[in-house]
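Geometric and topological summary
Take a look at the letters that make up each chain.
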Amino acid sequence: MPAPKAKIDLSHRPRLADLHPLLAPSPALLEARAATPRVTAAKDLKDRRGYAEDFLGGFVVPWPTVEQRLASDVQTQKNGGERLDYTHFSVTMSRSRRLALYVGANIDGAQHVDVARSNDTWAYDGRLPIDAQVGEDLYAGNGLDRGHLVRRQDPNWGDEAKTANFDTFHFTNCSPQMSGFNQKTWLELEDYILDNTQRWKARATVFTGPVFGDDDRVYRGVKIPKAFWKVVAYLSDDGKPSASAYMIDQSRELGQLDLMFGQLRTYQRSVIQIERLTGIRFANLADYDGFSNEERATGTRIEALIQGPDDIRV
């Protein structure tokens, strides 16, 4: 006997209320959504001085700017300002991505303070709407880290070290990074910068940010950056202004967000290349960068793979 044919109503239109997810959310994600978000009130952050462009004395390093095409993407605060100031660092946010476009920190090796890490909790910044910041929903139950853009230890110096440490735990200073991102070469680069400022009792200014692409993978409603960069400004041993730039790519690891991943590839690049990739301008820092000057002289792109501290050229 032939099987009865199913009757299909082609005019039926399902309602949103009738739709259900094929897979139930993970317990970790449900817990994250149920938790009351911690928000630092705007009034508690109003006296933060933030990034100082004259931190390196006569070597003035202005706050970066964006190309005209990105100007409308800069997120403004409730009071109209564009830059979020914290203790010894600042953040410029992306409106479309709800993540930082870039951050900048002043590091003083002579005044560094070791602040013990405790049960740190990430918070939203009350100077922005909560829905303008990517929060805990993205990170629960997967292989993504809540990656500090301004590294926790970097602004921890002077009498305000503990306040600086607290300030780094805001979602505005957080970007999704694969669990392997903070291991091996990128960590060694950050250690190299911080350790040498302490050893030499020196100062440095460090800018960091993601590389945003239109084709970035969407995960839980958030586009995940494929790469991150750093631009460092400092005074060299002979007192001359200097700059260098670095980039790490995590695109190969983003295909399987629920796994742990191995070593990522970190490259030293030119400041000029970072500007071209991101649309962010670092005033005249390229003039003090050997890679940028070599590119200008030869007309070819210069980059070097970093596999350990000995490969870092400054």
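Residues numbered from 1 in each chain as written. Predicted model: local features only at pLDDT ≥ 70, side-chain atom pairs only at ≥ 80, totals over all residues. Heavy atoms only, no water.

Description of the pattern of salt bridges
All told, the structure shown has 13 salt bridges when counted by the stated rule. Note that Arg203 and Asp108 form a salt bridge whose closest N and O atoms lie 3.2 Å from each other. Of the two residues, Arg203 is situated in strand S9 (residues 203–211) and Asp108 in strand S5 (residues 100–108); the sequence distance between them amounts to 95 residues. A relative accessible area of 37% places Arg203 in the partly exposed class. Residue Glu136 pairs with Arg146 through a salt bridge whose shortest N-O separation is 2.3 Å. Here Arg146 lies in strand S7 (residues 144–148) and Glu136 lies in the loop between strand S6 (124–125) and S7, a separation of 10 residues in the sequence. Residue Arg146 is classed as partly exposed on the basis of its relative accessible area, which comes to 30%. Each of Arg97, Asp215, Asp216 and Lys226 takes part in a single network of salt bridges with overlapping partners. (Salt bridge = Lys/Arg side-chain N within 4 Å of Asp/Glu carboxyl O. Helix = DSSP H or I, 4+ residues; strand = E, 2+ residues; numbered from the N terminus. Buried < 20%, exposed > 50% of the residue type's maximum accessible area, 1.4 Å probe, protein only.)

Details of the side chain of Asn165
Its place among the elements puts Asn165 in helix H2 (residues 161–167). Once residues lying within four places of it in the same chain are set aside, the contact partners of Asn165 are Val115, Asp120, Arg152 and Asn156. (Contact = heavy atoms within 4.5 Å.)

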